[in-house]
Amino acid sequence: MDSHMSLRSLNPYISCSICDGYLIDATAITECLHTFCKSCIVKHLDTKKGNTCPKCDMVIHRSNPLHGIRLDRKMQDIVYKLVPDLQKRESLRERKFCNARKIPYEKHQSGNKEKRVEDEKYQGKPISAISEDRVCIQLESKTKDLKPLSKKFICCSSRTTVNHVKKLIAKKLFHDLEKYCSVDILCNDEILGKDHTLKFIYVTRWRCKEPPLMLYYQPRVDVLNFSEEV
């Protein structure tokens, strides 16, 4: 069986749903994790309906939507690796744009410099020492009421909150982000607060244990109690 996958089959995952092109300066909405080109989502946030996600209509941030988006460098790296010459073409396009407006173009050089600094900084250090911005988690169902995930091992930003994990589970299990409120996340049999970050959980609940960080999910306690009473 041919194990190769066509680029066309991956397009829905590496394209911006606003411009329908490949992601450039991939930027994710922190609430729902949908990703767009930076220029596309910033323009969207400039409109009257700019405080909601263009894909799922979830509120990004009530007062300042720009506070609810983050660059997704890992996704951008994946896009550049998958699409031949995309990075080179984008670099040339930006250079022409800057030259036409007599703006200094330093992105390419500064990018190379930053990469060299990072390489020198982390050379020879163990993986655990260079992963402070990432946390590897394993998601398991706590009860038979919720089925196991097909992909339970995830590496994500240390700033990811329990709410984000709940939304991921709601999306995977119920295909409905709005059902995230019906799920509890546990670590060491303790129900976690919705605003706890993975970094906080790792440091306070998992510091002396081997990775990945084990998280369990179950129907929300009050939902379970209501079912039992009925």
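The shown structure was predicted, so the numbers you read here are calculated from the model rather than taken from an experiment. (Residues numbered from 1 in each chain as written. Predicted model: local features only at pLDDT ≥ 70, side-chain atom pairs only at ≥ 80, totals over all residues. Heavy atoms only, no water.)

### A short note on the overall build of the chain
When helices and strands are tallied, the chain shows 8 helices and 8 strands. Looking at the 230 residues of the chain, the share that counts as buried comes to 32%. For the chain, contacts bridging at least 24 residues in sequence account for 53% of all contacts bridging at least 6. Counting only carbon and sulfur atoms, one obtains 53% of the accessible surface of the chain, whose full area is about 15,900 Å². (Helix = DSSP H or I, 4+ residues; strand = E, 2+ residues; numbered from the N terminus. Buried < 20%, exposed > 50% of the residue type's maximum accessible area, 1.4 Å probe, protein only. Contact = heavy atoms within 4.5 Å. Areas by Shrake-Rupley, 256 points an atom, 1.4 Å probe, with all protein chains shown as cover.)

### Focus on the confidence of the model for the chain
Mean pLDDT for the chain: 80, with 81% of residues reaching 70 or above. Here residues 108-132 is a poorly scored stretch, pLDDT under 50, and it has 5 contacts once near neighbours within four places are set aside; other chains count. The low-confidence segment residues 226-230, where pLDDT is below 50, has 0 contacts with residues more than four positions distant or belonging to other chains. (pLDDT = per-residue confidence, 0-100.)

### Re helix α6 (residues 162-174)
Between its first and last C-alpha atoms α6 spans 17 Å; for 13 residues at 1.5 Å apiece the expected length is 18 Å, and the two agree. When α6 is considered as a whole, its buried residues turn out to be V162, N163, H164, V165, K166, K167, I169, A170 and L173. In this structure, the buried residues of α6 make contact with β4 (134-141), β6 (183-187), α7 (198-205) and β8 (213-219). (Expected span 1.5 Å × (residues − 1).)

### Some remarks on the sheet that holds β4
Spatially, the 5 strands line up as an open sheet ordered β5-β4-β8-β6-β7, and their pairing is mixed. Pairing within the sheet leaves two strands with one partner each, and these edge strands are β5 (153-157) and β7 (190-191). By the bridge criterion, 5 bridges tie β4 to β5 in an arrangement that is antiparallel. Across the sheet, residue V135 finds its bridge partner in β5, namely C156. (Pairing = 2+ DSSP bridges.)

### What about the packing of helix α1 (residues 7-14) against helix α3 (residues 73-82)?
Two elements in contact, α1 and α3, have axes whose closest approach is 12 Å; the angle formed by their N-to-C orientations is 160 degrees. Between α1 and α3, the crossing angle belongs to the class labelled roughly antiparallel. Seen along the crossing, α1 lies across α3 with a hand that is left-handed. Across the interface between the two elements, L7, L10, Y13 and I14 of α1 pack against M75, V79 and L82 of α3. Broken down by class, the residue content of the contact of α1 with α3 amounts to 7 nonpolar, no polar and no charged. (Axes fitted to C-alpha atoms, helices over the stretch in contact; angles between N-to-C directions. Parallel < 35°, antiparallel > 145°, perpendicular 65-115°, else oblique. Left-handed = near helix turned anticlockwise from the far one by under 90°. Nonpolar A, V, L, I, M, F, W, Y, C, P; charged D, E, K, R; others polar.)

### A word on unusual backbone geometry
Note: most residues except glycine have negative phi, and most peptide bonds are trans. Looking along the chain, the bond that leaves P211 and enters P212 is cis, with omega of 5 degrees. Relative to the assigned elements, P212 resides in the loop between α7 and β8. Even without being a glycine, D20 presents a positive backbone phi close to 65 degrees. With respect to the helices and strands, the residue D20 is situated in the loop between α1 and β1 (27-29). If you check the backbone angles, D189 has positive phi at about 65 degrees while not being a glycine. Under the relative-accessibility criterion, D189 is labelled exposed at 59%.

### Details of the state of the cysteines
Under the definition given, this model contains 0 disulfides. We note that C16 lacks a disulfide partner, and the nearest cysteine sulfur, in C19, lies 3.9 Å from it. Residue classification places C16 among the buried positions, given a relative accessible area of 1%. Cysteine C37 is unpaired, with the sulfur of C19 as its nearest cysteine sulfur at 3.8 Å. (Disulfide = S-S within 2.5 Å.)

### Looking at the environment of I169
Among the secondary structure elements, I169 is positioned in helix α6. In the structure, I169 is positioned 11 residues away from Y180 in sequence and 7.2 Å away in space, judged by C-alpha atoms. Not counting chain neighbours up to four residues away, the residues in contact with I169 comprise L139, F174, V183, I185 and Y217.

### Observations concerning the sheet that holds β1
One open sheet holds the 3 strands; their spatial order is β2-β1-β3, and the pairing between them is antiparallel. Sheet topology places β2 (35-36) and β3 (69-71) at the edges, where each strand pairs with a single neighbour. By the bridge criterion, 2 bridges tie β1 to β2 in an arrangement that is antiparallel. Bridging across to β2, T27 finds its partner in F36. Each of β1, β2 and β3 touches helix α2 (residues 38-45); the most contacted strand, β3, lies at about 165 degrees to it.

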